[in-house]
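# Summary of structural features
As a plain string of letters, each chain reads:
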Amino acid sequence: MEEIKAYLLSQTKHGLYQMLPPSLIAKVPELEKFSFTGRFDDKRFDWFSNKLDFDGKKVMDIGANIGYFSFRLSSEKNALLTIYEPHQPHIKAIESIKSVLKIPDKKINCVNQGVGLDDIKNLPEQDIVLLFNVLQHAGEDYDKKYVKEISQWRDYTVKYLRALRGKAENMVFQMGYSWLGHEDNFCNDKDIIPFTVSLLQDAGWKIKHCGVIGNVFNTYYIDCAFAGPKAKHPIINQFDWFISRTMNKLKILKKDYLFMQRPVFICHR
Ligand SMILES: C[S@@+](CC[C@H](N)C(=O)[O-])C[C@H]1O[C@@H](n2cnc3c(N)ncnc32)[C@H](O)[C@@H]1O
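Here the structure is a predicted model, which is why all the values come from computation and not from measurement.

## Describing unusual backbone geometry
At Asn 65, a position not held by glycine, the phi torsion is positive, near 60°. Tracing the chain through its elements places Asn 65 in the loop between strand 1 (58–62) and helix 4 (68–77). Residue classification places Asn 65 among the buried residues on the basis of a relative accessible area of 5%. Positive phi is not limited to glycine here, since Asn 78 has a value of about 60°. Summarising the element assignment, Asn 78 is placed in the loop between helix 4 and strand 2 (80–84).

As structure tokens, then:
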């Protein structure tokens, strides 16, 4: 418990990124005050977890952070998780949560390693892979040798996603749209959906569902039409941008509008 608190009070890159899993809060209610996020973890989970059958399935969570999705898939959907997370404080937090919840390694197995392009061939075969918000960091957090500038990112990412297709039947995917989180954008905001669709399709994935936040005030994921070059994200417009920035400044709405723009895709190989 003290280890979990120490982690939650520390500030590291990608730290305090996710909410705490509800099973942990049920067991240790005093931790609830640490569980917040502007990244809609609960809403993401609600949307994708009902669209695939996770029961008894082998799932790998690449870039699991502190394991919000892994813990929920394990406890609520009976999935068998393998976590890949290179950042040691995150892994320590996950191991501490596992020990509080008495979760054995055979239900959630942690590997304190990142997954770079060359590592994919050594991954075990899985039913489902979760890959959320990792790939935009290629070139800084990992694989610097392959992605030295933004122009190299797309070809690299197609290779990465293609290699991953050899390892899992299904993928749940989300990414950020500025390289490294602080450099240029990969595409215009209005092109986020067609840009990602072509990335996934070039890697050979068949897209089954695309989920987006449909309304800046009511931040649930809804299904969105994704086919065609003009596939449109419902909240990407000047009005929403203005409203959410103003509300943020006035501290009425503490939501990350850029994160709200990131669609979630469910793909089949
Ligand atoms: C932006 S956070 C996203 C966390 C989580 N997937 C989510 O969407 O809520 C990126 C995470 O990926 C991890 N990471 C960075 N490079 C990685 C790599 N090569 N393989 C796996 N995880 C990586 C970071 O430590 C961090 O926890």
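Next, the rest of the story.
## Section: the site of the ligand
Close to the ligand lie 21 residues, the nearest being Gln 18, Gly 63, Glu 85, Val 115 and Phe 132. Between the ligand and Gly 63 there is a distance of 2.7 Å, counted from a nitrogen atom to a backbone nitrogen or oxygen. Glu 85 places a polar side-chain atom, nitrogen or oxygen, 2.6 Å from an oxygen atom of the ligand. Within the shell around the ligand, the residues separate by chemical class into nine nonpolar, nine polar and three charged.

## Overview of the packing of helix 6 (residues 153–165) against helix 7 (residues 192–202)
The angle between the axes and the distance between the axes are what describe a pair of packed helices. As a packed pair, helix 6 and helix 7 sit with axes 8 Å apart at the nearest point and diverge in direction by 55°. Classified by the interaxial angle, the pair formed by helix 6 and helix 7 is oblique. Contact residues: helix 6 offers Trp 153, Arg 154, Thr 157, Val 158, Leu 161 and Arg 162, while helix 7 offers Phe 195, Ser 198, Leu 199, Leu 200 and Asp 202. The class makeup of the residues in the contact of helix 6 with helix 7 is six nonpolar, two polar and three charged.

Each value, and the rule that gives it
- Every chain begins its residue count from 1, and numbering advances along the sequence as written.
- Where totals are concerned, whole chains, interfaces and linings use all residues; where local detail is concerned, this predicted model gives features only for residues with pLDDT of at least 70, and gives and counts side-chain atom pairs only at 80 or more.
- Based on all heavy atoms of the structure, the side-chain values leave hydrogens and waters out of the count.
- Numbering goes from the N terminus for both helices and strands, where a helix is a DSSP run of H or I of at least four residues and a strand is a run of E of at least two.
- Between buried and exposed lies partly exposed: a residue is buried under 20% and exposed over 50% of the maximum accessible area for its type, with that area taken using a 1.4 Å probe on protein chains only.
- It suffices for a single heavy atom of a residue to lie within 4 Å of a molecule or strand for the residue to be listed as near it.
- We define a polar contact as two N or O atoms separated by no more than 3.5 Å, with the added condition that, inside protein, one atom must be a possible hydrogen donor and the other a possible acceptor, whereas residues neighbouring each other in sequence contribute only through side-chain atom pairs.
- In this classification, Asp, Glu, Lys and Arg are treated as charged, Ala, Val, Leu, Ile, Met, Phe, Trp, Tyr, Cys and Pro as nonpolar, and every other residue, Gly included, as polar.
- Where helices are involved, their axes are fitted lines through C-alpha atoms of the stretch in contact, as for all axes, and angles between N-to-C directions lie from 0 to 180°.
- Here roughly perpendicular refers to angles of 65 to 115 degrees, roughly parallel to angles under 35, roughly antiparallel to angles over 145, and oblique to all remaining angles.
- Contacts: residue pairs with any heavy atoms within 4.5 Å of one another.

Bear in mind that shape data such as this cannot, by itself, settle questions of function.
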